Amino acid sequence: GYDNESVAVTAMTLTFWLWMRSLRNKDNYSHFFGILAGVAYFNMVAAWGGYIFVLNLIGAHAAFLVLLGRFSDKVYMAYTLFYVVGTALAIQVPVVGWSPLKSMEQLPACAVFLGYQLLQYCEIQRKKNKLSRKDAFKLRIQVAVSALAAVTLIVVAVTPNGYFGPISSRVRGLFVPHTKTGNPLVDSVAEHQAASSQAYWQYLHILCILAPAGFVIVLFRFGDASCFLFVYAVTAYFFSHKMVRLILLTAPIASSLGGIAVGRVVAWSVSVLIGEGEEEEKGTKKSGSKSDGKKEGKKRKDKKSTSNSHGLSGVTAIRDGFVEASNSTEGKIVKAIAAIVLLGSLYMQASTFKDYSWKISAGLSNPSIILKGQTREGNIIKVDDYREAYWWLRDNTPEDARIMAWWDYGYQITGIANRTTIADGNTWNHEHIALLGKALTGSVEEGYAIARHLADYVLIWGGGGGDDLAKSPHLARIANSVYRDHCPGDVTCRAFGFVDRKGTPSPMMEKSFLYNLHSHRLVPGVTADPEKFEPVYRSKYGKVRIYKILGVSRKSKKWVEENRQCDAGGWFCPGQYPPGLKEILDQKKDFAQLEDFNRGDSDAEYQKEYFENLNNPELARKRGEIKRKEEEVDELEKKKDQIPTKVKTLSDEEKVEIYSTWEDTEDTTLMWKIVNGNVVDDLERWLKADPGAAWLRSADGRGPMWWAFESKNQDIVTILMKMGVPHSDMDKNGLTPVDLLKD
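Residues numbered from 1 in each chain as written. Predicted model: local features only at pLDDT ≥ 70, side-chain atom pairs only at ≥ 80, totals over all residues. Heavy atoms only, no water.

Peer 1: Honestly, the sheet that holds strand E6 (residues 533-538) in this entry has me stumped. Any pointers?
Peer 2: Pairing between the strands of a sheet is mediated by backbone hydrogen bonds and can be parallel or antiparallel. Strands sit in the order E4-E3-E5-E7-E6 across an open sheet of five strands; the sheet is mixed. Two strands bound the open sheet, and with one partner strand each, they are strand E4 (420-421) and E6. (Pairing = 2+ DSSP bridges. Helix = DSSP H or I, 4+ residues; strand = E, 2+ residues; numbered from the N terminus.)

Okay, here's the thing in structure tokens:
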């Protein structure tokens, strides 16, 4: 399909080809192709956010050429023209603006550009003053130090004002050793996970074998343009290995390197079959003989090099023997057979690759919203629920209708239904996505209070599989990254989700806006509030449900329309929230990425607990269970006037039963981790929800009291003693908790 990525890959490959063309040798005007490369780069910028990869890859290649000692007037002109033209055009795109000169992700290319200007200045001075190599090197050092000092002063001056933008979580995730970035929005996207070998084979097929062969060939033909393939290959593999979505970037370079390998094999095979190259081999042999003669003469003159000459003579002898054998009648037959086998193998592989390419292109190009399904009777059916739902919106809602749905479907709603959506795949505002997640995963009342100020309709994906309810735990985590009261004390929102494999919702999920609309009249006792929502559409197979929001705030809708702030062209209009949402927005805490050094405050505690929960799912699960139990207790507290309740206590018999059971369980393992890690808050919440946890004992007879003494944790010892846990009992080895303290 011709989506953003398809258009962008075409622009990307065109940019790379023009860049390589600008470096062609024996062409005095080839550097002017750098201008065309800048124009093609502008096309890439307008099409896809991956333009940053293109900019930095060309910048990295330009820097690599300097390291190889291949800096020249041609290289200087080519890169300068590319960067000036490309950047001047890129900043005309409203969503990009001045980010090429401010974003930490794009400044490396700018640094290379500035470095090129300094190098060219030094070259001009060297030629003008006829400096020696030593003096030229000193000049470069002086210029570099002066430039570095000036840049340092500028950076120190502008950084406090927030001039530089932070590195995004998507980019940061490419350089961390784990697959999580610390940003729940980025971590929720499956395409951002690490690539596997199966994924490479699925998308590249036989190129997984041919491309490495082409890569080796390129290493033996290193030029200004050809070494770009080396830089591209290494970079593309590194990034695609980190993020499966970026295998897309490896396709052009894999095709190029694979083509080089196939071309070399075909060229050799054809030359063998038609008899070409024999004269060259004879010439090589003669030149080799002359070279050997020279070496022998040198050996007689210089006795110190005798051993080296013997070694070279041995290699030469082996080479000459191989050439002679290959030129013999038997050798020619063997080469001809090898050539035929290679050509035949390539033909069969090419046929297989062609069929595979057409097959996978059909799978990738066909509309993903029209699916093929099978009924219980085995009949094959076409599931067209999504397209029909979007057409219903197009035909049955006002043109100014606003549709609330998760961002995954934003492009489809805009493109097919031609209606305004609250968010889509190009929504870069983390806080806005979090507000949408808060509305969907918050309570019905809370979600409605947000929705009535932002939307006219709510669209829900249902029907099981990867529907909205299945992905809703991610929505809750994203919401909690900005609205910390959404899942208090639980950064990964384990309290929101399913409690078993049967799909039983947790209390928090059961009360949510999304669950009530998703399960309306599908689950016994679940009905959307008729005073807030009107069901207006349900697709044939139940994949999509649409509700009309009742009591929409006309005042907020009018305010948004009258307070648009558009650019000069009128096609880019950043939205503003109506005053009716001020109370809710005041509760948010803007998400701070780990690398956001422009912010005065940090979010170290949030990030620490976030990664702890991801790395220790048992602890996160227990925190979620504790949170759910606390919610149940709170509910009982609210109803205590109507229903007499008592705080849960353990009888002596229950304590003895738990205390006398020695076994290793998930709870004892988790208790050991909490006590040993001195996580007092989690322990207190656990004991409040389940006092029996204080009396747990593992298979060796030890429990939290032993572990508290062993880790010399006085706070936890005090908590356990207040609950009556003894400290003089013995484990199976006859040791008391106090004995562990003495050790």
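Anyway, onward from the coordinates.
Peer 1: What exactly am I supposed to notice about the packing of aromatic side chains here?
Peer 2: What characterises a pair of aromatic rings is the spacing of the ring centres plus the angle enclosed by the ring planes. Taken as a whole, this structure holds 27 aromatic pairs when the rule is applied. For the ring pair Phe 64 and Phe 230, a centre distance of 5.7 Å and an interplane angle of 25 degrees mean the geometry is stacked. Of this pair, Phe 64 sits in helix H3 (residues 51-67) while Phe 230 sits in helix H11 (residues 226-242), placing them 166 residues apart in sequence. Ring pairs connect the aromatic residues Trp 19, Tyr 41, Tyr 51, Phe 71, Tyr 76, Tyr 79, Phe 82, Tyr 83, Phe 113 and Tyr 116, which therefore count as one cluster. The residue whose ring lies beneath Lys 532 is Tyr 448, and the NZ or CZ to ring-centre distance is 5.6 Å. The ring of Tyr 659 has Arg 697 lying over it, and the distance from NZ or CZ to the ring centre is 4.3 Å. (Phe/Tyr/Trp six-rings, centres within 6.5 Å; stacked < 30°, edge-to-face > 60°. Lys NZ or Arg CZ within 6 Å of the ring centre and 35° of its normal.)

Peer 1: Please explain the pairing of strand E7 (residues 544-549) as it appears in this structure.
Peer 2: Taking burial as the measure, the six residues of E7 include five buried ones, the bulk of the element. Here strand E5 (residues 457-461) runs beside E7; their pairing, made up of five bridges, is antiparallel. Bridge pairing links Tyr 457 to Lys 548 in E7. Judged from the five bridges that link them, E6 and E7 form a sheet pairing that is antiparallel. Bridging from a neighbouring strand, Glu 534 pairs with Lys 548 of E7. Adjacent in sequence and paired antiparallel, E6 and E7 are bridged by five residues, among which Gly 542 carries a positive phi angle near 75 degrees. (Buried < 20%, exposed > 50% of the residue type's maximum accessible area, 1.4 Å probe, protein only.)

Peer 1: Got a minute to help me understand the state of the cysteines in this structure?
Peer 2: In protein chemistry, a disulfide is the covalent bond that joins the sulfur atoms of two cysteines. This model, assessed by the stated rule, comprises one disulfide. Sulfur-sulfur distance for the disulfide between Cys 487 and Cys 493 comes to 2.0 Å. Judged by the sign of its S-S torsion, about 105 degrees, the cystine formed by Cys 487 and Cys 493 is right-handed. (Disulfide = S-S within 2.5 Å.)

Peer 1: Looking at this model, I keep getting lost on the layout of surface pockets. Mind explaining?
Peer 2: Remark: the empty space left among the atoms is shown by a probe the size of a water molecule rolled over them. Estimates place the volume of the second largest pocket at around 700 Å³. Every element with two or more residues in the lining of the second largest pocket is listed here: helix H5 (107-129) and helix H6 (133-158). Per-element accounting of the lining of the second largest pocket gives the leading share, 10 residues, to H6. A breakdown of the residues in the lining of the second largest pocket according to their chemical character gives 21 nonpolar, one polar and one charged. (1 Å grid on protein atoms, 1.4 Å probe; cavity = no way out; pocket = protein on both sides within 12 Å on 5 of 7 lines; lining within 4 Å. Points joined across faces, edges and corners; volume = space filled by probe spheres on them. Nonpolar A, V, L, I, M, F, W, Y, C, P; charged D, E, K, R; others polar.)

Peer 1: What is the right way to look at the side chain of Asp 424 in this model?
Peer 2: With respect to the helices, strands and loops of the structure, Asp 424 is situated in the loop between E4 and helix H18 (430-441). In this structure, Asp 424 is in contact with Trp 407, Gly 410 and Tyr 411, ignoring residues within four places of it in sequence. (Contact = heavy atoms within 4.5 Å.)

Peer 1: Before we go on, may I ask you to explain unusual backbone geometry in this structure?
Peer 2: It is generally the case that most residues other than glycine have a negative phi and that most peptide bonds are trans. Here the phi dihedral of Lys 130 falls at roughly 50 degrees; this positive angle occurs in a residue that is not glycine. Note on placement: Lys 130 falls in the loop between H5 and H6. Here Lys 130 falls in the exposed class, since its relative accessible area comes to 75%. Notably, Cys 493 is not glycine yet its phi reads approximately 50 degrees, a positive angle. Summarising the element assignment, Cys 493 is placed in the loop between helix H20 (468-480) and helix H21 (507-510).

Peer 1: Just checking my understanding: could you explain the confidence of the model for the protein chain for this structure?
Peer 2: In this model, the protein chain carries a mean pLDDT of 82, and residues with pLDDT of at least 70 account for 81%. Note that residues 303-309 has pLDDT below 50 and, in this model, four contacts with residues that lie over four places away or in other chains. Confidence drops under pLDDT 50 across residues 639-647; counting only partners more than four residues distant or on other chains, this segment forms two contacts. (pLDDT = per-residue confidence, 0-100.)

Peer 1: Looking at this model, I keep getting lost on a negative patch on the surface. Mind explaining?
Peer 2: Among the surface-exposed residues, Asp 652, Glu 653, Glu 654 and Glu 657 lie close enough to one another that they form a single negatively charged patch. Mapped onto the fold, Glu 654 is located in helix H27 (residues 652-659). (Patch = residues over 30% accessible without salt bridge, like charges linked within 9 Å, V, L, I, M, F, W, Y side chains within 5 Å. Areas by Shrake-Rupley, 256 points an atom, 1.4 Å probe, with all protein chains shown as cover. Salt bridge = Lys/Arg side-chain N within 4 Å of Asp/Glu carboxyl O. Lys, Arg positive; Asp, Glu negative; His and termini not counted. Charge placed at Lys NZ, Arg CZ, Asp CG, Glu CD.)

Peer 1: I tried to follow the packing of H3 against H5 on my own but got confused; where do I start?
Peer 2: When two helices pack together, their arrangement is captured by the angle between the axes and the distance separating the axes. With their axes 8 Å apart at the nearest point, H3 and H5 run at an angle of 35 degrees to one another. Handedness of the H3/H5 crossing: left-handed. The segment H3 lies against H5, with Leu 55, Asn 56, Gly 59, Ala 62, Ala 63, Leu 65 and Val 66 engaging Pro 108, Ala 109, Val 112, Tyr 116 and Leu 119. (Axes fitted to C-alpha atoms, helices over the stretch in contact; angles between N-to-C directions. Left-handed = near helix turned anticlockwise from the far one by under 90°.)

Peer 1: What is the right way to read the packing of helix H9 (residues 197-204) against helix H10 (residues 207-219) from this model?
Peer 2: Put simply, H9 and H10 touch, their axes get as near as 9 Å, and they point 90 degrees apart. The orientation of H9 with respect to H10, classified from their angle, is roughly perpendicular. On H10, the residues that touch Tyr 200, Trp 201 and Leu 204 of H9 are Leu 207, Cys 208 and Ile 209. (Parallel < 35°, antiparallel > 145°, perpendicular 65-115°, else oblique.)

Peer 1: Whenever I open this one, the pattern of salt bridges confuses me. Can you help?
Peer 2: If charged atoms from side chains of opposite charge come close, those side chains can pair. A complete count under the given rule lists 17 salt bridges for this structure. Across the pair Arg 140 and Glu 123 runs a salt bridge whose closest N-O atoms are separated by 2.7 Å. A residue pair is termed long-range when its members are at least 10 positions apart, and Arg 140 in helix H6 and Glu 123 in helix H5 qualify at 17 residues. Accessibility expressed as a relative area gives 36% for Arg 140, which makes it partly exposed. Exposure remark for Glu 123: the relative accessible area of 14% places this residue in the buried category. Asp 408 serves as the salt-bridge partner of Lys 471, at 3.0 Å between the closest nitrogen and oxygen. A residue pair is termed long-range when its members are at least 10 positions apart, and Lys 471 in helix H20 and Asp 408 in the loop between strand E3 (402-404) and helix H17 (410-417) qualify at 63 residues.

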